[in-house]
Amino acid sequence: MRILVTGGAGFIGSHFVDRFIAESHQVWVLDNLRSGSKTNVNPKAKFIFMDLKDEALETKVAEIRPEAVFHLAAQIDVRISCSDPIFDATENIMATLRLIEAGLKNEMRFFGFASSGGAIYGEANGGPQSETHPEVPMNPYGVAKLAIDKYLHSYSVQRGLKSASLRFSNVYGPRQGAKGEAGVVAVFAKLLRDGKPLRINGDGLQTRDFVYAPDLAEAASMVLKQGATGVFNLGTGIETTILDLAKNLCGIAEIDDSLIQHGPAIHGEQRRSVLDPSKAARELVWNPRTSFAHGLKTTYDWFVANRLEK
Ligand SMILES: NC(=O)c1ccc[n+]([C@@H]2O[C@H](COP(=O)([O-])OP(=O)(O)OC[C@H]3O[C@@H](n4cnc5c(N)ncnc54)[C@H](O)[C@@H]3O)[C@@H](O)[C@H]2O)c1
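Since the model is a prediction, treat every value here as computed from it, not as a measurement.

### Points about the overall build of the chain
Then, number 1: Tallying secondary structure elements over the chain gives 11 helices and 13 strands in all.
Then, number 2: Taking 19 Å as the expected radius of gyration for a compact globule of 310 residues, we find that the chain reaches 19 Å, a close match to that expectation.
Then, number 3: Taken over 310 residues, the chain has a buried fraction of 51%.
Then, number 4: Long-range contacts, defined as pairs at least 24 residues apart, comprise 79% of the intrachain contacts of the chain with a sequence gap of at least 6.
Then, number 5: Both charge centroids of the chain, one from 35 positive and one from 35 negative side chains, sit 4 Å from each other.

Structure below.
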């Protein structure tokens, strides 16, 4: 199948690309390298250096005629979405609509979207959050993800587009960026690698649901094979405290956990986030197969091996 992966030079997108290539698909990567890197791109994929907002997007999509598009390119910084919601909406809503329209004009049959459970459901007050949990995004980034999930529903009704909104939990794994407001696993792994102390915001008892990027790529492949449509939570259903994460990583790095320090809590930070992945288990027969211990070790080893890049 001809598959276009936007953001395929980024962290999660590059794992999707690897998976699709391993399954003998023809893969194009479209990326402006704002946060991604050419070194992440599988050499068997065709790389297009382009911004989604580029006038030439439609012509490029017409050349490729992708049967499926997986859209992972995004402005991913929540803080930027709060300080500049117009920029965020331009990147995360308008550019996505341009891509969908370009695809629809060129025989695209399936659209897979990198959505976010953590950003859409807000605080987890009870157990893991299922797809029917109230949608209460707390920042413009989450609002934009939810908007596209809803647009995709409307595209299916109005134009017959088959699509899946993949609502990830907190993703970690090799190639994750560790700059700025990056994923906490990447930030901690890099600090430990460099022998620096870890600084936890507050008591460290806030929880997240950490899912391993290659497991998400497996889910994407299952979605594609089955032509599954709708909204799917892709997480593990397991809550891990940030303190436990820090201790686990210290153990892997063979560093005494006295390097763990506590700073002030961040005002408004989400306390608990955990997704219920049972719909994906039932309908896609997907289970996040990588244990946290194995995933963390692989991730830490990657940071050690890629000292110069990140
Ligand atoms: N990392 C997580 O925990 C997480 C959780 C939920 C959802 N997501 C979503 O998954 C997707 C991938 O996230 P990631 O963590 O791999 O981030 P990433 O920054 O590593 O990847 C994003 C990629 O998109 C590219 N890009 C950004 N804007 C672009 C534009 N206008 N035109 C072309 N390319 C552009 C970047 O250069 C980068 O390669 C994003 O849509 C993100 O919102 C991530």
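### What to know about the site of the ligand
Then, number 1: Around the ligand sit 29 residues in total, of which Ile12, Asp31, Arg34, Ser35 and Tyr141 are the nearest.
Then, number 2: Between a nitrogen atom of the ligand and a main-chain N or O atom of Leu52, the distance comes to 3.0 Å.
Then, number 3: One of the side-chain N or O atoms of Glu91 is found 2.9 Å from a nitrogen atom in the ligand.
Then, number 4: Taken together, the elements giving at least two residues each to the shell around the ligand come down to α1 (11-22), β5 (110-116), α6 (140-159) and β7 (170-172).
Then, number 5: In terms of residue count, β5 provides more of the shell around the ligand than any other element does, three residues in total.

### Observations concerning the sheet that holds strand β6 (residues 162-168)
Then, number 1: Ordered by their spatial adjacency, seven strands build an open sheet running β3-β2-β1-β4-β5-β6-β11, and the pairing between neighbours is parallel. This sheet does not close on itself; its edge strands, each paired only once, are β3 (46-49) and β11 (230-234). Going across the sheet, the axis of each strand differs from the next one's by a mean of 20°, ignoring polarity.
Then, number 2: Two strands pair when backbone bridges link them, and β5 and β6 are joined in this way by seven bridges, in the parallel orientation. Paired with Ala114 across the strands is Leu166, a residue of β6.
Then, number 3: The strands touched by α6 are β5 and β6; relative to β5, the strand with the most contacts, the crossing angle is about 155°.

### Points about the environment of Leu259
Then, number 1: Looking at where Leu259 falls in the secondary structure, it is placed in the loop between α9 (242-253) and β13 (260-263).
Then, number 2: Spatially, the C-alpha atom of Leu259 lies 37 Å from that of Asn32, the residues being 227 residues apart in sequence.
Then, number 3: Setting aside residues no more than four positions away along its own chain, Leu259 makes contact with Leu192, Gly195, Lys196, Pro197 and Leu198.

### Considering unusual backbone geometry
Then, number 1: Positive phi, normally seen in glycine, also occurs at Ser24, with a value near 70°.
Then, number 2: Structurally, Ser24 can be placed in the loop between α1 and β2 (26-31).
Then, number 3: Ser24 gets classed as exposed once you look at its relative accessible area, which sits at 65%.
Then, number 4: Phi at Arg65 takes a positive value of approximately 45°, unusual for a residue other than glycine.
Then, number 5: Counting through the fold element by element, Arg65 comes out in the loop between α2 (57-64) and β4 (68-71).

### Here's the deal with the domain arrangement of the chain
How big an interface is tends to be stated in terms of the accessible area lost upon association of its parts.
Then, number 1: Taken domain by domain, the chain holds domain 1 (2-172 + 211-236 + 278-290) and domain 2 (184-207 + 239-273 + 293-305).
Then, number 2: Taken over C-alpha atoms, the centre of domain 1 sits 27 Å from the centre of domain 2.
Then, number 3: Taken residue by residue, the interface counts 11 residues in domain 1 and 10 residues in domain 2.
Then, number 4: Carbon and sulfur atoms supply 48% of the area buried between domain 1 and domain 2, which totals about 880 Å² over both sides.
Then, number 5: Viewed at the interface, domain 2 and domain 1 are joined by zero salt bridges.
Then, number 6: The tally of links between domain 1 and domain 2 comes to six residue pairs in polar contact (both at pLDDT 80 or more).
Then, number 7: In terms of residue class, the side of domain 1 that touches domain 2 is made up of four nonpolar, six polar and one charged.

### Re the packing of helix α7 (residues 184-193) against α9
Then, number 1: Look at α7 against α9: their axes get within 10 Å of each other, and the N-to-C directions meet at 35°. In this structure, α7 crosses over α9, and the sense of that crossing is right-handed. Where α7 abuts α9, its residues Val184, Val185, Phe188, Ala189 and Leu192 lie against Ile242, Leu245, Ala246, Leu249, Cys250 and Ala253.
Then, number 2: A class-by-class count of the residues in the contact of α7 with α9 yields 11 nonpolar, no polar and no charged.

### Thoughts on the environment of Phe87
Then, number 1: Secondary-structure assignment places Phe87 in helix α4 (residues 85-104).
Then, number 2: C-alpha of Phe87 to C-alpha of Gln75: the two residues are 12 residues apart in sequence and 8.7 Å apart in space.
Then, number 3: Here Phe87 is in contact with Arg34, Gln75 and Ile80, once residues within four sequence places are set aside.

### Quick notes on the nonpolar core
Then, number 1: Counting 37 residues, the largest nonpolar core has Phe16, Phe20, Phe70, Phe168, Leu216, Leu234 and Trp286 as the members making the most contacts within it.
Then, number 2: Elements with a contribution of two residues or more to this core: β1 (2-6), α1, β2, β4, β5, β6, α8 (213-226) and β11.
Then, number 3: Take this core: its biggest share by element is eight residues, from α8.
Then, number 4: When sequence neighbours within four positions are dropped, the list of residues in contact with Phe20 reads Ile3, Val5, His25, Val27, Phe70, Ala220, Ser221 and Leu224.
Then, number 5: Counting 24 residues, the second largest nonpolar core, distinct from the first, contains Leu52, Ala144, Ile148 and Leu152.

Reading the values: rules and limits
Residue indices follow the written sequence of each chain, beginning from 1 at its first position. In keeping with the predicted nature of the model, local features appear solely for residues at pLDDT of at least 70, side-chain atom pairs appear and are counted solely at 80 or more, and the whole-chain, interface and lining totals rest on all residues. To obtain the side-chain values, all non-hydrogen atoms of the structure were included, while hydrogens and water were left out. By the criteria applied, helices consist of DSSP H or I runs no shorter than four residues and strands consist of E runs no shorter than two, each listed in order from the N terminus. In this setup the radius of gyration rests on C-alpha atoms only. A globule is expected at 2.2 Å times the number of residues raised to 0.38. For the exposure calls, accessible area comes from a 1.4 Å probe over protein chains only, and a residue counts as buried if that area is under 20% of its type's maximum, exposed if over 50%, partly exposed in between. Every residue pair with non-hydrogen atoms within 4.5 Å of one another is taken to be in contact. His is not counted, nor are the chain ends, whereas Lys and Arg count as positive and Asp and Glu as negative. By convention, charge coordinates are those of NZ in Lys, CZ in Arg, CG in Asp, or CD in Glu. Here a residue counts as near a molecule or strand whenever at least one of its heavy atoms sits within 4 Å of it. Pairs of N or O atoms are called polar contacts if they sit within 3.5 Å, as long as, within protein, a hydrogen donor faces a hydrogen acceptor (for residues adjacent in sequence, only side-chain-to-side-chain pairs). Strands pair, by our definition, only if DSSP identifies at least two bridges between them. Helix axes are fitted to C-alpha atoms over the stretch in contact, other axes to C-alpha atoms as well, and angles between N-to-C directions run from 0 to 180 degrees. These domain boundaries are the output of an automatic or database domain assignment. Summed over both partners, buried area is the accessible surface (1.4 Å probe) that two parts give up on being assembled. Whenever Lys or Arg places a side-chain nitrogen within 4 Å of a carboxyl oxygen from Asp or Glu, that contact is recorded as a salt bridge. Just so you know the grouping, Ala, Val, Leu, Ile, Met, Phe, Trp, Tyr, Cys and Pro go in nonpolar, Asp, Glu, Lys and Arg go in charged, and all remaining residues, Gly too, go in polar. Note on convention: near helix rotated counterclockwise from far helix by under a right angle means a left-handed crossing. Clockwise means right-handed. To form a nonpolar core, buried Ala, Val, Leu, Ile, Met, Phe, Trp, Tyr and Cys residues must be joined to one another through side-chain atoms within 4.5 Å.

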